[in-house]
Structures are given as C-alpha cells and as structure tokens.
Amino acid sequence: MAGLNGDPFLRIDDNIEKLQYNNNSKEVIDKEGLVVRIGEDSSNNKNNNQGGEKDMAGNSIHRSGSRPQLDLSKAEIQGNSEERDPTILLPNQTDDISHLALDIGGSLIKLVYFSRHEDQSVDDKRKKTVKERLGISNGNRRNFPILGGRLHFVKFETSKLNECLDFISSKQLHRGRIDSHHWNSEAPANENAVIKATGGGAYKFADLFKERLGVSIDKEDEMDCLVAGANFLLKAIRHEAFTHMEGHKEFVQIDHNDLFPYLLVNIGSGVSIIKVDGDGKFQRVSGTNVGGGTYWGLGRLLTKCNSFDELLELSQRGDNRTIDMLVGDIYGGMDYSKIGLSASTIASSFGKAISDKKELQDYRPEDISLSLLRMISYNIGQISYLNALRFGLKRIFFGGFFIRGHAYTMDTISFAVHFWSKGEAQAMFLRHEGFLGAVGAFMSYQKHGLDDLMVHHLVERFPMGAPYTGGKIHGPPLGDLNEKISWMEKFVLKGTEITAPVPMAPPGTTGLGGFEVPSSRGATLRSDASALNVGVLHLVPTLEVFPLLADPKMYEPNTIDLSDHKELEYWFTVLSEHLPDLVDKAVASEGGTDDAKRRGDAFARAFSAHLARLMEEPAAYGKLGLANLLELREECLREFQFLDAYRSIKQRENEASLAVLPDLLLELDHMDEETRLLTLIEGVLAANIFDWGSRACVDLYHKGTIIEIYRMSRNKMQRPWRVDDFDLFKERMLGSEGKKPRPHKRALLFVDNSGADIVLGMLPLARELLRCGTEVVLVANSLPALNDVTAMELPDIVAEAAKHCDILRRAAEAGGLLVDAMNNNTLDGSRGNSSSVPLMVVENGCGSPCIDLRQVSSELAAAAKHADLVILEGMGRALHTNFNARFKCEALKLAMVKNQRLAEKLIKGKIYDCVCRYEPAT
Ligand SMILES: CC(C)(COP(=O)(O)O)[C@@H](O)C(=O)NCCC(=O)O
Ligand SMILES: [Mn+2]
C-alpha cells in the first residue's frame, strides 16, 4: 500500500512501559480522552455505588468482598403498609444479598448460597437506539423469572460446625431472601428469618442455629432434595454428568427433554436407590445397608485409619489378591471360562482370610482397604444394575459422599454395572454429586425461578476463591482480594505444591484381580478431587443460544480438543511462557504500583495453579477446550482486578490506525469493485496480525512500526491463501455474467482486535457492505480480553472514523452510534440521513478472545434474527472456536494463523498463512 504514508508513529514496543506506568495519572488519561469519556458516560448508571470504583464499561468494581450493606435510599413499602411484614422495595440496593440452603450430613455440611449482583448493563442512549432498532423492549428484563446472580458451593466438615456458622454470619447469608421481583428486607432483629436445610443435622443442630444466628431451620425432606438437586443439575449444567471407565472420564450430554426416567443411587452411610420419573416424581425402589458407612466403619476397625479419606488413600496402594479369593485360587490359576470368569475375578471377597493362618495384623491395611472398597463398590454396582433391569432403565446416576470424585471407586462401580449388564447399562457420576441435597434444599424456596433456567443461562467459573492444599475439604472461599493475595503469599512461603501430590499406585498391584481388571491410571487416583471440581455458577438470564447456529445440539465451539494430552501440554507451555509478559502489561495498566505488582504476582500464581491442576486432571472443570483456557486467563485477570491490561496499547494502535484511515479510504474509492473487494479482504487478513496474544506477533512488534508491519503484512497477501474461497464470496457479492445479486439484508461482523484490525480491516469492509445497502452490526466483546476491541470502545472509534467518511457517518447516525459526537463535524456539514442503512454495535456477552455461540447476549441474539451474513474474524473467533460451526445463513471466516502448530494442524500450512472460508447457508 504505497499510498499509506509512514507517519511519525512510534515503534510498537517503544515506550509502552513508560506510557502505561503513567496510566495511574488522571492527567494522562484525561489527555488521551477515551477513557474519561467512557467513564463519564457511565455516570448515568443508575446504580449508586458508594465506595466502589467504576471500570471502563461503567461497571462497579468492588474492591473488597466485605459484608453486604443495604442501600435504603428511596426505599418504599409495596402494597399495604398496614401489613405486619410488608414488602419493601430497595431500588438502589446494589450489593450482594444472598440466600442460603444447607445439607447438614454426618461428616460434611454442604452449603449453597446465592449472591445477587447488580444489573451491570449501562443503559446509555446508544444502547437504547440499538435496542429500538433491534426490537428489544427495555422492559424485557421483567420477563426473566429470576435475577442474575451467582450460586456458590461451599463445604465444611460437620465437626467444624462453628467455622460454618462464622462463615454464614460474616457473610450475613442468613439475612437475605429474594422473591422473583423484589428484595424482601429483613427486620433488624431477624426473629422470623428462616433457612432451608436438609440432612440429619437440620434436626440435630436446629437449636444451635437459633442460638448463634437467630434463625429457624425449615427442614426439607432429604429424598425430595436429592432428587430436586439432581434434576436441576442434570438439566441446567452442560458438563454435569460423566462416565468413568478405566481411569477415563467422559462427559455425557444429557438432553433435558429426554432425562426421565433414570435411577439415582445415593451412596451415603447407607444406600438409597430411587427411580426418578420427573420433577417431584420419584419412588425409593430399593436400597442397601451396605454402603459408605460400612466401608468406613469396617475399614476403621480393620485398619485403624483415622479418616475416610485416609482409608481411601490407603486403598490406592493396596493389592486385594492377598485377601480376596480369586477364581484362579480355586481353579489352580486357570480361568473358569465355561461361565465366563477369568482367573482374576474375585470369587469371594475376603475369602482368602478363612484358609490362611494369618491374623489381622498379618495383612497390610492397604490391601484390606482395597478389598473392602471393591467388595462394597461391586455390591452397590450390582444391586443398582438389578434395579435398573427391574424397571427397564438404562441410565444410573451415582452420587453421595462415598464417591467423592474418587477415581477408583467410580471405576469399580462402572465396572460392575458394565459387567453385569453386559454393556447395556451405563453408570454415570455427577460433578456436583456432593451438593445434590443442598441444591435441592435451595430449590425448595418458593418462586426463585431456578426451575426455569436453561443450560445457556449458566456460566460456571473457577475463581481462586478458597485456600486449598489438595484433597482437603476447605473452608470459606476468600471474598476479599487482600485475603486472597495474602493466602497466595503464605502459600508460596510454605513452599507447598499447589496441587497435592497424587498417591501413585505401584505398577501392577492396584486393581489386579477384579471382575476383570479395572485399571485406574495412577494420575487419576485422587481422593476427593471433587472438592476442586465445582466452580461458582453465574446465573445470567440474558444469555441466549445464537439463533443462526444450524444445529445448536451438535455445535461444539472448540476446534482444539485438549483431552489429547500432547495438545494440552503444548498450550500449557504457550500460556505459561506468555505469563511474565502478560503480568508486565497488566501491572503497567494499573500504574505499576506496589499494589498492582502484588496483585500481578498473585494473578500469575493463581493462573499457574489452574494450569497445573488442569494438566493433572484435564476434565477437572468440565470438558476442556482451548477456548476455556483462554477465557480462564481473562477471568483470572479480572479476579485480581486487572480490568483491561492492554488498555493503552489498544488506544495507541487505534490512534495510529485512525490517522491513516483517510488515505486508505481514498485509495479504495479509486478502485474498481472487484479490486476493491479483494483489497478489503486482504486488508482484514493483513491487519489481523496485530494480536498481542500471539508470541510470534509480539516478537515481530519489536522489529517495526505499526505501519511498517501492516505494510509488510499487506505485501505478503498473495493469493491463493491457504484456505481460499474468495472467488465464491466475490461471486455472491458481485455476481457473474453481468447479473447483480441481491445485497445481504443484514451482516453481523464479529470483530477482533483494536487498532489496525478494526480500523483498517473490518471498518472498511463494513463500509463496503453499507455501500451495497446491507445493514451492518458490529459484534464486539462485552469485556476486554487481550487487545480485543470492546463494544464500549467501538462507538468512539466509529465516530472518529466517520469524521472522514460520509457512508460511515450516515450509517452510524442511522444506527444511533453518533449520539452527540457528529453534529458539527461532518465532511459536508449535512445532518443525519435517517434513510441510510444503519451501522450498529452490539456486545456479544463475553470477555474472551474466543466465542461460544451457545451463550451470547440477548442483544446479539435479537440482532441475528434478520441477519443473512455472519462474518467471523480472527484466530480466536474463527479458528480456535467456530472453525467447524455451521450456520443457517451465509458465513465468512477470516483469520491469519499466527501460530505454527495450529497452522500445521488445522490447514496444513505455516505461520502467517491466511484463511478465507466462505460457506453458503445450510
Ligand atoms: C489469543 C489468540 C487466539 C488471539 O488471536 P486473535 O483472535 O486476536 O486473532 C491468539 O493470539 C493465540 O492463539 N495465541 C496463543 C498462541 C501463540 O502465542 O502462538
Ligand atoms: Mn483478538
């Protein structure tokens, strides 16, 4: 692009440190304008959030997780004020208010509580106009049966009940109650406060709760709760159920329309077997008194173990052949093949002990524990299968404290079910198995609307919420950032490994001699891993499935499946190596203060801990794809309050690119249609090189200015690209043999990075579509991720670009993007032309470099309804995710591959190759 003048731009890497470190100075930010303007916009955020700061999106940032306080301003009584307990509306209440349910078992207290977060949407003028255009009524929030918020899952040992009471009291969890539309304030004395609880402890400790917290316990039936909890979790959480065979965990997608009937086997001290036919429809069809209590009780007597976990851990080093009588023992080492029993099959649990002249002390506790575990697990598996057979059920879900995410136990039960059913029935386990009762008790609050939640309304996140040392039941999650950081510091001082050492079974001993040979691999033999498998559930009623997906049920966002360990290792290394640079940027973005450095350090440790955990057990947080890892990193940054690490880089690149935009537009306008379309697509691909998430690109930035790199990238744009459907797309756009095709009605452009990518790549392409008469919706991130442009930032960028272009200006005005910016500054001085096709901006509902189209903002879903073209741009949105996605409408996927391995794997090409994939509507 000879016409682009080199301009006095800094090298990309020059002085970035300096510039960013100045960011704490309000003056610098003021001068740069962008941040402050956006900040001002947010002041009309109706929420009055004292003490909180605002981020760029105008959202409130709580600097501490302190106790909730009620904002009573403008409080009013609803209904009849003569009533004894009238409902009080608190319109300005913004802090968390929670409500709580408990399952108080013999060994563990499981606690589920809900915290409500303020509606973070900023209802500015622009958004209103876009909503009007898209036909979204402002009042539609009321259609949602429940308020957005979070469900937290916490466990305490029952023996530490006081810790649990302190936790409830410090968070004031017993005070809040919510019904579907308003807050119910509590009387200060709180005499009438009631919390729902199930489990034996609900009876046993009721007085203590009254005494310590002043609350009454409303006891809920244990079985009702179990079933309600299981139904909710199975319907609402995507990766809730999994199979576990020979150490291999596989998630099962349950179709919530085809869930019933199923068998629920709850293995507590005893075992209950329940046939579940629907919500609230179930029958306890059987049970057995040989359960978790039997294992623990007998195990304790026989091994002198002090805890259930210790007993389980022992089993992992055991060899049951020393105690169990095997078929081979009876048949002189031979199989009894006539009836299908191999020599290693257990003929009689503990059977060898009758003939050996040995005393208890002659047996290893490890072997006893394993033998006992297998005896009880097989027995439960067998009885469950027989009951499944009795009622013709194929699916059996196992839950209860006995399992505790213990791989070997799950393998043994699965093996038994598989063996006896000859593969017909399937044993499945639940990620939240320990919380079924507590969730069920929570569900029993009236009118909270949880039943109406769908899978796409829930986002599970894994904050570094609590101190853990692996395998241990942990105490209260840390809400306060400082607590979290000091925990990290303590943790490091102690020099403990973040994940507990996994007890490894000596090869060839564990699991030998069973019905066949259930061989759990050592790496998955972790006891109580489930303590770390449960995240915080974010309830976001505004999320929707992207309506243009051709087959939402078959849709899988991730292209790269990280269950392949080699793949996981590779990406683990990439992300670990990028970490120091990311921390530098993040710390600098917060002014480089000591506090920021401390947080940066804590962030690095937390994220590394997540990575280490996932390396050890990739399926720990549900099905793992690359998109999940990249999102986890962004979430982790936010958890340590780095809200926009690349803020100043984005701003610099925007400014640099906007300065050369007029030249680019002028050049484009002198081209014929065909050359122009090619140049535009080349422009998008070339400008996608500005990606601060790619190691190779960041190395490149040290070698030239923005414009130099852009020009270099443009010059390398020779066709054919590695994936090159340009001719097809051109034909669709321009037609052939003189026939002009009808223009698209509306195009959704999923934009990627700030700077050249948006300004010199996607905006000019948008302008071309507008010129054809196509409405354009720019779809951008709701929250920052790397150097991606956000929906909050786009209107200002468009406004700046529109100063140089009538097409953009008119369209932006028509789309409500230029609320006040453009009144005087137009090229020709003319006022807005509302007859122009509109250019709009919507947020996509996520804060990641990738996008999962099963969960997008309602704004985007509404915009999609009239769209007939989807353009996905960038590596994250078009390659890591959605490369294989099929749409009901036409789709164009544009990206430069900025990673050698991905290039080889995905397109059999090399780094910096490009993808231009055009797919007609399916
Ligand atoms: C994070 C990204 C997906 C962002 O790419 P983009 O969507 O901006 O094109 C990409 O930079 C990436 O995959 N980076 C990690 C791989 C690497 O550094 O080579
Ligand atoms: Mn990006």
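The name an unreviewed UniProt entry assigns to the protein is Pantothenate kinase 2, from the organism Gossypium barbadense. A UniProt comment under Pathway (unreviewed entry) is attached to the protein, and it reads "Cofactor biosynthesis; coenzyme A biosynthesis; CoA from (R)-pantothenate: step 1/5."

Draft legend 1. How the structure looks around the overall build of the protein. Per the secondary structure count, the protein includes 30 helices and 29 strands. Out of the 922 residues in the protein, the part that is buried amounts to 59%. A fraction of 73% describes how many contacts in the protein between residues 6 or more apart in sequence connect residues 24 or more apart. Of the roughly 37000 Å² that the protein leaves accessible, carbon and sulfur atoms contribute 50%.

Draft legend 2. Region of interest: the pairing of strand 25 (residues 775-780). For strand 25, the tally of buried residues reaches six of six residues, placing the bulk of the element in the interior. Covered by surrounding structure in strand 25 are Glu775, Val777 and Val779 together with Val776, Leu778 and Ala780, the residues of both alternating faces. Note that strand 24 (residues 746-750) and strand 25 share five bridges and pair parallel. Bridge pairing in strand 25 links Ala747 to Val776. Once the chain exits strand 24 it traverses helix 25 (residues 756-771) before rejoining the sheet at strand 25, and the crossover so formed is right-handed.

Draft legend 3. Looking closely at the coordination of the manganese ion (ligand 2). The protein atoms donating to the manganese ion (ligand 2) are Asp752 (OD), Asn753 (OD1) and Asp788 (OD), with metal-donor distances spanning 2.0 to 2.1 Å. Each donor residue of the manganese ion (ligand 2) lies on one chain, and together they are spaced D-N-x34-D. Taken as a pair, Asn753 in the loop between strand 24 and helix 25 and Asp788 in the loop between strand 25 and helix 26 (794-802) lie far apart in primary sequence, 35 residues in all.

Draft legend 4. Focus on the confidence of the model for the protein. Per-residue confidence for the protein averages 80 on the pLDDT scale, and 76% of its residues sit at or above 70. Considering only residues more than four positions removed or in separate chains, one finds that residues 77-97, a stretch of pLDDT under 50, has 58 contacts. Here residues 495-531 scores under 50 on pLDDT; set against residues more than four positions off or in separate chains, the count is 120 contacts. The ipTM assigned to the predicted complex is 0.99, against a pTM of 0.83.

Draft legend 5. Examining the site of ligand 1 more closely. Ligand 1 sits among 16 residues. The nearest are Asp691, Gly876, His880, Lys898 and Asn899. Take Asp691: an N or O atom from its side chain is 2.6 Å from an oxygen atom of ligand 1. Between ligand 1 and Lys898 there is a distance of 2.5 Å, counted from an oxygen atom to a side-chain nitrogen or oxygen. With the chains in place, 97% of the 470 Å² that ligand 1 exposes on its own is no longer accessible.

Draft legend 6. Region of interest: the sheet that holds strand 14 (residues 262-267). Judged by pairing direction, the sheet is mixed, and its seven strands sit side by side in the order 13-12-20-19-14-15-16 without closing on themselves. For this open sheet the edge positions go to strand 13 (248-251) and strand 16 (281-288), each flanked by a neighbour on one side alone. Taking each pair of neighbouring strands and ignoring which way they run, the sheet shows an average axis angle of 30°. In this structure, strand 12 (residues 241-245) lies alongside strand 13, joined through four bridges in antiparallel fashion. The partner of His244 across the bridge, within strand 13, is Lys249. Packing against the sheet, helix 13 (residues 365-391) makes contact with strand 14, strand 15 (271-278), strand 16 and strand 19 (395-399), and its axis sits at approximately 140° to strand 16.

Draft legend 7. Quick peek at the environment of Gly351. One can find Gly351 in the loop between strand 18 (346-348) and helix 12 (352-355). Residue classification places Gly351 among the buried positions, given a relative accessible area of 4%. Separated by 291 residues in the primary sequence, Gly351 and Phe642 have C-alpha atoms spaced 61 Å apart. Other than its neighbours up to four places away in sequence, Gly351 contacts Ile323, Asp324 and Met325.

Draft legend 8. Region of interest: the packing of aromatic side chains. Evaluation of the coordinates by the stated rule reveals 25 aromatic pairs. For the pair Phe242 and Phe429, a centre-to-centre distance of 6.1 Å together with 40° between the ring planes defines the contact as tilted. Taken together, the residues Phe242 in strand 12 and Phe429 in strand 20 (residues 426-430) connect sequence positions 187 residues apart. Residue Phe242 shares its accessibility class with Phe429, and that shared class is buried. One aromatic cluster is present, formed by Phe242, Phe251, Phe398 and Phe429 through successive ring pairs. We note Lys219 situated over the ring of Tyr203; from NZ or CZ to the ring centre the distance is 5.6 Å. Over the ring of Trp721 we find Arg719, and its NZ or CZ is 5.6 Å from the ring centre.

Draft legend 9. Focus on unusual backbone geometry. A cis amide bond, omega -5°, links Phe260 with the succeeding residue Pro261. Following Arg719, the chain continues to Pro720 via a peptide bond in cis, the omega torsion being -5°. Positive phi, close to 65°, is recorded for Phe350, a residue that is not glycine. With respect to the secondary-structure elements, Phe350 resides in the loop between strand 18 and helix 12. Residue Phe350 is classed as partly exposed on the basis of its relative accessible area of 22%.

Cut-offs used in this document
- Residues numbered from 1 in each chain as written.
- Chains lettered and ligands numbered in written order.
- Predicted model: local features only at pLDDT ≥ 70, side-chain atom pairs only at ≥ 80, totals over all residues.
- Heavy atoms only, no water.
- UniProt positions renumbered as here; feature names shortened; annotations may be inferred.
- Helix = DSSP H or I, 4+ residues; strand = E, 2+ residues; numbered from the N terminus.
- Buried < 20%, exposed > 50% of the residue type's maximum accessible area, 1.4 Å probe, protein only.
- Contact = heavy atoms within 4.5 Å.
- Areas by Shrake-Rupley, 256 points an atom, 1.4 Å probe, with all protein chains shown as cover.
- Pairing = 2+ DSSP bridges.
- Right-handed = clockwise from strand over helix to strand, strands pointing away.
- Donors = N, O, S within 2.8 Å, 3.2 Å for Na, K, Ca; no water.
- pLDDT = per-residue confidence, 0-100.
- Near = heavy atom within 4 Å.
- Polar contact = N/O pair within 3.5 Å; in protein donor to acceptor, adjacent residues only side chain to side chain.
- Axes fitted to C-alpha atoms, helices over the stretch in contact; angles between N-to-C directions.
- Phe/Tyr/Trp six-rings, centres within 6.5 Å; stacked < 30°, edge-to-face > 60°.
- Lys NZ or Arg CZ within 6 Å of the ring centre and 35° of its normal.

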